[in-house]
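Here is how the chains run, residue by residue.
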Amino acid sequence: MKVIGADVVVTSPTRNFVTLKLTTDEGLTGLGDATLNGRELAAAAYLREHVAPLLVGRDPGRIEDTWQYLYRGAYWRRGPVTMAAIAAVDMALWDIKGKAAGMPVYQLLGGASRDGLLAYGHASGMSFESLDESIHMHLERGYRAIRVQSAIPGVRAVYGVAAQAQATGERYDYEPAGRGAAPVEEDWDTAAYLRHIPKVFEHVRQQFGAELPLLHDGHHRLRPIEAAKLGRSLEPYDLFWLEDCTPAESQQALRLVRRHTVTPLAIGEVFNAVWDFQQLISEQLIDYVRAAATHFGGITPLRKLMDYAAQYQIRSGFHGPTDVSPVGLAAQLHVGLAIHNFGIQEYMPHSDLTDEVFRQSMRFAGGYLHPGETPGLGVELDEQLAARLPYKPAYLPVSRLHDGTMHDW
Ligand code: KDG
Ligand code: MG
């Protein structure tokens, strides 16, 4: 079999997605996700200009070799743009291999290690009351684990907190990336945040009891000693994890956090190679790996990363926001089902329009996800509909302190 076509589709059904479609001379096709929120066209150009021409004529069965060719052969290794492009190729090749074998990809990875993947949903609120409504709504939808984010008194807008939409009960695709030519500016106050968040979790535990797994995302905003303080102050509320408590690239910062708190830590949604995790895993500075197949070079390196993490009893918590496309989500569901050291899967449903563009075999029931039994990844792209929904510029917000200083968002 040979690859005869490599097409890049950029489409925007409520948000932007970059998808690679590979076509073979035997009529099989494969899909891969290269969506890089706020930098979509850079990933699309990298694929179109520098990767697609190299794929035509190649044997799609040689997944490892193609991955190494694109990674080692480029000289300029790593980085989110490069690794998202390689991820799309890798996923598309696994999709083709699954279709050729007549099996879902998880079967090619060793078969299922469990019946379904425990998922967590995103609850948030501007007040305790709206937060409670949002948690109730998620529980009614079947979620058995909940991420809790809250507005902070004195801070105008907090990233990850949906102002209204959540409590309406309607299908909702939280889109933090605002459409427009430039990012929206939000503000931030670390001291106010550190004072308020323990009160939020005290309230949620009082309302929802001791057993519901609760998670929280710090969005890389704290210095190590602040993160240590937060982790310690949240200990009475028994979090499943505290995510991205410090800017993730400073691996040694986590030593300090770890010395002061036993709140479990999850990190890595912005990482794109095993080297970003090396110290965190080998020194057991984290408990959960947050990588996404889309930003980590695809299924092949994600599987290897999890085998490395398994030696240190570190589990998966793959990044599953709505800017990971249904193709990227499917890729990590197949990995999560196959590995032994699965932990939890982030799951925010995509919009109805996104689900029309990407038809999925994936299902969510009773709090658990399953990639389905369709051969390959289990996602089909409606190219005609995708073509009618062109790219629109959209950016994540930026964040400033009250004196105007730029802060880690
Ligand atoms: O593109 C960035 C978002 O995917 C990210 O901010 C979402 O932090 C996030 C999460 O944990 O889902
Ligand atoms: Mg996060």
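Residues numbered from 1 in each chain as written. Chains lettered and ligands numbered in written order. Predicted model: local features only at pLDDT ≥ 70, side-chain atom pairs only at ≥ 80, totals over all residues. Heavy atoms only, no water.

**Considerations on the sheet that holds strand β7 (residues 185–188)**
Within a sheet, adjacent strands bond to each other through the backbone by hydrogen bonds, running parallel or antiparallel. To keep things clear, this is the line we draw: For two strands to be treated as a pair, DSSP must find at least two bridges joining them. Where helices and strands are cited, they refer to DSSP runs of H or I of at least four residues and of E of at least two residues respectively, numbered from the N terminus.
Here we have 3 strands laid out as an open sheet, ordered β7-β19-β20, and mixed in their pairing. Pairing within the sheet leaves two strands with one partner each, and these edge strands are β7 and β20 (406–407). When β7 meets strand β19 (residues 398–401), the two strands line up parallel, connected through 4 bridges. Bridging from a neighbouring strand, Glu185 pairs with Val398 of β19.

**Topic: helix α1 (residues 40–55)**
Our working rule: Each helix should span, by expectation, one fewer than its residue count multiplied by 1.5 Å. The reported bend at a residue is simply the angle between two axes, fitted to the 7 residues ending at it and to the 7 residues beginning with it. In this analysis, two residues are considered to be in contact whenever any of their non-hydrogen atoms come within 4.5 Å of each other.
Over its 16 residues, α1 runs 21 Å from end to end, which matches the ideal 22 Å to within 8%, given 1.5 Å per residue. Of all the bends in α1, the greatest measures close to 40° and is centred on Arg48. For α1, the elements touching its buried residues are β1 (3–11), β2 (17–24), α2 (63–72) and α3 (80–101). Once α1 finishes, Gly57 follows within two positions and takes phi at roughly 100°, a positive value.

**Quick notes on the domain arrangement of the protein chain**
Just so we agree on the cut-off: For each domain, the first and last residues come from an automatic or database assignment. The buried area of a pairing is the accessible area, by a 1.4 Å probe, that goes missing from both parts when the two are put together, added over both. Here a salt bridge means any side-chain nitrogen of Lys or Arg lying within 4 Å of a carboxyl oxygen belonging to Asp or Glu.
Per the domain assignment, the segments of the protein chain are domain 1 (3–104) and domain 2 (117–407). Placing the centre of domain 1 and that of domain 2 at their C-alpha centroids yields a distance of 25 Å. In this complex, domain 1 contributes 43 residues to the contact, which on the side of domain 2 involves 53 residues. Taking both partners together, domain 1 and domain 2 bury about 3,700 Å²; carbon and sulfur atoms supply 57% of that area. At the boundary of domain 1 with domain 2, the tally comes to 5 salt bridges.

**Here's the deal with the site of ligand 1**
Test applied: To be near a molecule or strand, a residue needs just one of its heavy atoms within 4 Å of it. Identification of polar contacts relies on pairs of N or O atoms within 3.5 Å, with a donor-acceptor requirement for protein atoms, meaning one able to donate a hydrogen and the other able to accept it, and with residues adjacent in sequence counted only if both atoms are side-chain atoms. Here the Shrake-Rupley method, with its probe set to 1.4 Å, supplies the accessible areas, and only the displayed protein chains count as covering residues. Asp, Glu, Lys and Arg are counted as charged, while Ala, Val, Leu, Ile, Met, Phe, Trp, Tyr, Cys and Pro are counted as nonpolar; the rest, among them Gly, fall into the polar class.
Neighbouring ligand 1 are 15 residues; Asn37, Tyr159, Glu269, Asp323 and Glu346 lie closest to it. In the environment of ligand 1, an oxygen atom lies 2.9 Å from a nitrogen or oxygen atom belonging to the side chain of Asn37. Within the contact set of ligand 1, an oxygen atom lies 2.5 Å away from a side-chain nitrogen or oxygen of Glu346. In isolation ligand 1 offers 330 Å² of accessible surface; the protein chains occlude 93% of this area. Considered class by class, the residues forming the shell around ligand 1 number 4 nonpolar, 4 polar and 7 charged.

**Some points on the nonpolar core**
Spelled out, the test is: Nine residue types can take part in a nonpolar core, namely buried Ala, Val, Leu, Ile, Met, Phe, Trp, Tyr and Cys, and a core is a set of them joined through side-chain atoms within 4.5 Å. To sort residues, take the accessible area from a 1.4 Å probe on protein chains only and compare it with the maximum for the residue type: under 20% means buried, over 50% means exposed, and anything in between is partly exposed.
Within the largest apolar cluster, 123 residues are counted, with the highest numbers of intra-cluster contacts made by Leu20, Leu22, Leu47, Ile135, Val148, Phe277 and Val289. Of all the elements, α3 adds the most residues to this core, at 12 residues. Looking at this core, you find at least three residues from each of domain 1 (3–104) and domain 2 (117–407).

**Focus on the sheet that holds strand β3 (residues 29–33)**
Put simply, the rule is: Only the stretch in contact is used when a helix axis is fitted, and all axes are lines through C-alpha atoms; the angle between N-to-C directions ranges over 0 to 180 degrees.
The strand order β1-β2-β3 describes an open sheet built from 3 strands, whose pairing is antiparallel. The open sheet is flanked by β1 and β3, the only strands paired with a single partner. Looking at each pair of strands side by side, their axes are set apart by 20° on average, direction ignored. With 5 bridges joining them, β2 and β3 adopt antiparallel strand pairing. Residue pairing for β3: Leu20 is matched across the bridge by Gly32. Its contacts with the sheet put α3 on β2 and β3, and the angle it makes with β3 is roughly 150°.

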